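Residues per chain, in single letters:
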Amino acid sequence: MPATETKSWDIFCRVIDNYGDIGVCWRLARQLANEHHQQVRLWVDDVNSLIRIWPAAQDIEQQFCAGVEVRHWADEFPTSIHVAQVVIEGFACDIPASYLQEMAAQKRAGHPPVWINLEYLSAEKWVEDCHGMTSIHPATGLRKVFFFPGFTPETGGLLREQDLLTNRDNVDKRLFLEQIGVQQKSDSLLISLFAYENPAIASLLSAWINSPTPIHCLVPHGKILTSVNQALGISLQTGKQWHQGNLFLDVIPFLTQVEYDRSLWVCDINFVRGEDSFVRAQWAGKPFVWHIYPQDEQAHIVKLDAFLDSFLARDNNIFADCLRNLWHHWNEFEDVKDDWAKALELLQPWQVATGEWCEYLARQADLAAQLIALAHRPAP
Ligand code: TRH
């Protein structure tokens, strides 16, 4: 990769809930700093959510971590902050008024920052039309670019580090599982289970208990564990194991973001949610089931279908109906026992399709590279 001029970047991240907002911003910050040698400052309003996915971070106002300057974004924004050359609003969060004033001052001085709104991920068609659109801020005249991640070359792409696929292919499964304290049951299908609370888990667990193939499920501490406990009438905690019929459950600790990726690489099937884990499951290249972030008025179901349409349109997927049913029923809290049984019968074509989908995505420019290109493009 040709050397890129180093620019200063400010990334602003408001944590709405869970770990996806910080998950995406943190990956991006690390990649810009470490792979593209950019000078990156990440402003996050909830440092504890960062610590959850990156325990080396500390609950302090200012620190350097993994090559990134991390600042706590408090209500009172410091006045003495120099505006970066590139400013990213994570998921349409509003940057502080005083910072915006400084940006306007930079514009008046003849060097306005590149101002980018990094949007949420969606496979809907309109994303291609809106990606790269700009608007002029009425009060300051600053130009803002709307950057949409996505699954086609007409979008901003997906976060993908340069060595991601090589690291994935070289992972030492036995060693990694040992490191996280898991001993895989022999001949079992290894499944990672990350999802929101979901009553449909009762039917899935029942299918797994009665499965012809042994199922070894890794479930992290969190929302879906609550549903698992409710469904089974138990109270499993981190580090505990549970076994019934052909199901072996391991409650594993919440992993670092790097370890979490590895867990997806070594599992045979991954249940994921939200945005960031959903993308990482696609890079794992293994069959996955998506619990999409629920939105008002069922907007998320439109997004779910948009993704399924793209994913399933690529070739003659004999498992298309089966996958649609499984994903829909999982997201609509319905019984998934029969869907699961069919999906297992079609595991081989499912594996082929996820592998090919990953290759298709990997041929596209990645999100950080596209941001770099945007940041270095001469101003219009
Ligand atoms: O946590 P999520 O549900 O996050 C979000 C937020 O809810 C957000 O508001 C919403 O807009 C968005 O979804 C769509 O799911 P996500 O995006 O997968 O983020 C989880 C992060 O946690 C991801 O970076 C992976 C990381 N993670 C770990 O680091 N260790 C773990 O053990 C696990 C299970 C996840």
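Residues numbered from 1 in each chain as written. Predicted model: local features only at pLDDT ≥ 70, side-chain atom pairs only at ≥ 80, totals over all residues. Heavy atoms only, no water.

Our next topic: the nonpolar core. Trp 208, Phe 271, Phe 307, Trp 327, Trp 330 and Trp 340 are the most contacted members of the largest nonpolar core, which totals 78 residues. Two domains share this core, each providing at least three of its residues, namely domain 1 (8–158 + 364–375) and domain 2 (164–362). Beyond its immediate chain neighbours, meaning those up to four positions away, Phe 307 contacts Ala 123, Phe 151, Phe 278, Gln 282, Phe 288, Trp 290, Trp 327 and Trp 357. Formed by 37 residues, the second largest nonpolar core is a distinct cluster that contains Val 44, Ile 88, Leu 159 and Leu 367. (Core = buried A, V, L, I, M, F, W, Y, C linked by side-chain atoms within 4.5 Å. Buried < 20%, exposed > 50% of the residue type's maximum accessible area, 1.4 Å probe, protein only. Domains from an automatic or database assignment. Contact = heavy atoms within 4.5 Å.)

As a further point, take the domain arrangement of the protein chain. Many authors give the size of an interface as the accessible area that is lost as the parts come together. Per the domain assignment, the segments making up the protein chain are domain 1 (8–158 + 364–375) and domain 2 (164–362). Inter-centroid distance (C-alpha atoms) of domain 1 to domain 2 is 30 Å. Together, the buried faces of domain 1 and domain 2 total about 2,100 Å²; carbon and sulfur atoms form 56% of this surface. Three residues, Arg 27, Phe 151 and Gln 364, lead the burial of domain 1 against domain 2; their summed loss comes to 29% of the area buried on that side. Between domain 1 and domain 2 we count twelve residue pairs in polar contact (both at pLDDT 80 or more) in total. (Buried area = accessible area lost by both parts, 1.4 Å probe. Polar contact = N/O pair within 3.5 Å; in protein donor to acceptor, adjacent residues only side chain to side chain.)

Quick look at the sheet that holds strand 2 (residues 39–44) now. Taken together, the eight strands give an open sheet; going across it, the order is 3-4-2-1-5-6-8-7, and neighbouring strands pair in mixed fashion. The sheet is open, and its two borders are formed by strand 3 (62–65) and strand 7 (134–136), each paired with just one other strand. Averaged over all pairs of adjacent strands, the angle between strand axes in this sheet comes to 25°, irrespective of strand direction. (Pairing = 2+ DSSP bridges. Helix = DSSP H or I, 4+ residues; strand = E, 2+ residues; numbered from the N terminus. Axes fitted to C-alpha atoms, helices over the stretch in contact; angles between N-to-C directions.)

Before going further, it helps to spend a moment on the site of the ligand. Around the ligand sit 23 residues in total, of which Asp 17, Tyr 196, Leu 255, Asp 276 and Ser 277 are the nearest. For the ligand, an oxygen atom lies 2.7 Å from a polar atom in the backbone of Gly 20. When isolated, the ligand has an accessible area of 710 Å², and the protein chains bury 97% of it. Among the cavities detected, the one that contains the ligand is the largest pocket. The element best represented in the shell around the ligand is helix 1 (residues 20–34), accounting for three residues. Among the residues forming the shell around the ligand, the class breakdown is eleven nonpolar, seven polar and five charged. Per-domain counts for the shell around the ligand show at least three residues from each of domain 1 (8–158 + 364–375) and domain 2 (164–362). (Near = heavy atom within 4 Å. Areas by Shrake-Rupley, 256 points an atom, 1.4 Å probe, with all protein chains shown as cover. 1 Å grid on protein atoms, 1.4 Å probe; cavity = no way out; pocket = protein on both sides within 12 Å on 5 of 7 lines; lining within 4 Å. Sits in = over half its atoms within 2 Å of the grid points. Nonpolar A, V, L, I, M, F, W, Y, C, P; charged D, E, K, R; others polar.)

Okay, the packing of aromatic side chains next. Enumeration over the complete set of coordinates arrives at 32 aromatic pairs. Here the aromatic rings of Phe 91 and Tyr 120 are separated by 4.4 Å at their centres, their planes lie at 15°, and the arrangement is stacked. Taken together, the residues Phe 91 in the loop between strand 5 (86–90) and helix 3 (97–108) and Tyr 120 in the loop between strand 6 (114–118) and helix 4 (126–130) connect sequence positions 29 residues apart. Judged by its relative accessible area of 9%, Phe 91 falls in the buried class. You can call Tyr 120 partly exposed: its relative accessible area is 38%. Where Phe 307 meets Trp 357, the ring centres are 5.6 Å apart and the plane angle is 90°; that geometry is what we call edge-to-face. Taken together, the residues span a long stretch of sequence, with Phe 307 in helix 11 (residues 299–313) and Trp 357 in helix 14 (residues 347–362) at a distance of 50 residues. Taking relative accessible area as the criterion, Phe 307 reaches 1% and is therefore assigned buried. Trp 357 gets classed as buried once you look at its relative accessible area, which sits at 2%. Through successive ring pairs, a cluster of aromatic residues spans Phe 151, Phe 278, Phe 288, Trp 290, Phe 307, Phe 311, Trp 327, Trp 357 and Tyr 360. The aromatic ring of Trp 73 is capped on one face by Arg 14, whose charged end is 4.0 Å from the ring centroid. (Phe/Tyr/Trp six-rings, centres within 6.5 Å; stacked < 30°, edge-to-face > 60°. Lys NZ or Arg CZ within 6 Å of the ring centre and 35° of its normal.)

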